[in-house]
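Examination of the molecular architecture
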Amino acid sequence: MSDQQDFSDAERVETVRIKGLGGELNIAGNFYERVGGKETFRKLVAKFYEGVAEDDVLRPMYPEEDLGPAVERLQLFLEQYWGGPTTYQEQRGHPRLKMRHMPFKINPLARERWLLHMRAAVESIELPQLLEAELWGYLDRAATAMLNTFED
Ligand code: HEM
């Protein structure tokens, strides 16, 4: 990793498609398959956005009246990241998440709220402990990487 990057997890967070321990061999199935594929990510993201819809810090950040398109973008991104279909890339290009979040004020409170709803969503899909820990570890680091201000 180059020392020009501003946070240590940059590579992992921006990864278009993660490789599991078996690399491309994926003997035990990749993460996407092991957690139950599309249906699991659909449930995760639906539950997450139920929380966002009621959140007085996060909801105003979403430019569109209808959260439907945002739901779909996050689902497709996460599916691709964990080894599922690459539809996100085909529709949106490289994720460049840090850059795409620059228009929004992501301070520690916004990060905390995002993770609060994501925690509820992760618990709702009831994954085996190790898979849950891997998913949560990534989301927590990614949310930290998205911080772009410490102002209120
Ligand atoms: C830390 C707090 C975060 C806040 C407040 C936040 C907020 C937002 C907002 C307001 C949008 C625009 C809605 C849209 O057009 O889709 C967005 C888009 C998106 N966010 Fe976040 N986000 C956060 C963290 C994350 C994290 C950690 C991830 C990934 C693990 C993520 C993934 C995405 C994706 C994939 C999009 C759509 C990008 C695109 O293709 O345009 N966000 N986020």
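Only a predicted model underlies this, so the values are computations on that prediction, with no experimental measurement involved.

**Examining the nonpolar core**
- Membership of the largest hydrophobic core comes to 17 residues, with the highest contact counts inside it found for Leu44, Val45, Phe48, Leu78 and Trp82.
- Residue contributions to this core peak at six residues, all from helix α3 (residues 37–53).
- Setting aside residues up to four positions removed in sequence, Leu78 forms contacts with Phe41 and Val45.

**Focus on the confidence of the model for the protein chain**
- Of the residues in the protein chain, 83% have a pLDDT of 70 or more, and the chain-wide mean is 88.
- Below a pLDDT of 50 lies the segment residues 1–7, which in the model reaches three contacts outside its immediate sequence neighbourhood of four places, other chains included.

**A few points about the site of the ligand**
- Neighbouring the ligand are 20 residues; Ala70, Arg73, Phe77, Trp114 and Ala142 lie closest to it.
- Taken together, the elements giving at least two residues each to the shell around the ligand come down to α4 (68–81), α6 (97–101), α7 (108–124) and α8 (129–145).
- Counting residues per element, the shell around the ligand draws most heavily on α4, at four residues.
- Classifying every residue of the shell around the ligand gives 15 nonpolar, one polar and four charged.

**Remarks on the packing of α3 against α7**
- Their axes nearest at 8 Å, the elements α3 and α7 cross at an angle of 145°. You can see that α3 and α7 cross each other, and the crossing is right-handed. For the pair α3 and α7, the contacting residues are Lys43, Leu44, Lys47, Phe48, Gly51 and Val52 in the first and Leu116, His117, Met118, Ala120, Ala121, Val122 and Ser124 in the second.
- When the residues that make up the contact of α3 with α7 are grouped by side-chain class, the tally is eight nonpolar, three polar and two charged.

Quick notes on the rules
- Residues numbered from 1 in each chain as written.
- Predicted model: local features only at pLDDT ≥ 70, side-chain atom pairs only at ≥ 80, totals over all residues.
- Core = buried A, V, L, I, M, F, W, Y, C linked by C-beta atoms within 7 Å.
- Buried ≥ 20, exposed ≤ 12 C-beta atoms within 10 Å, placed from the backbone.
- Helix = DSSP H or I, 4+ residues; strand = E, 2+ residues; numbered from the N terminus.
- Contact = placed C-beta atoms within 7 Å.
- pLDDT = per-residue confidence, 0-100.
- Near = placed C-beta within 6 Å.
- Nonpolar A, V, L, I, M, F, W, Y, C, P; charged D, E, K, R; others polar.
- Axes fitted to C-alpha atoms, helices over the stretch in contact; angles between N-to-C directions.
- Left-handed = near helix turned anticlockwise from the far one by under 90°.

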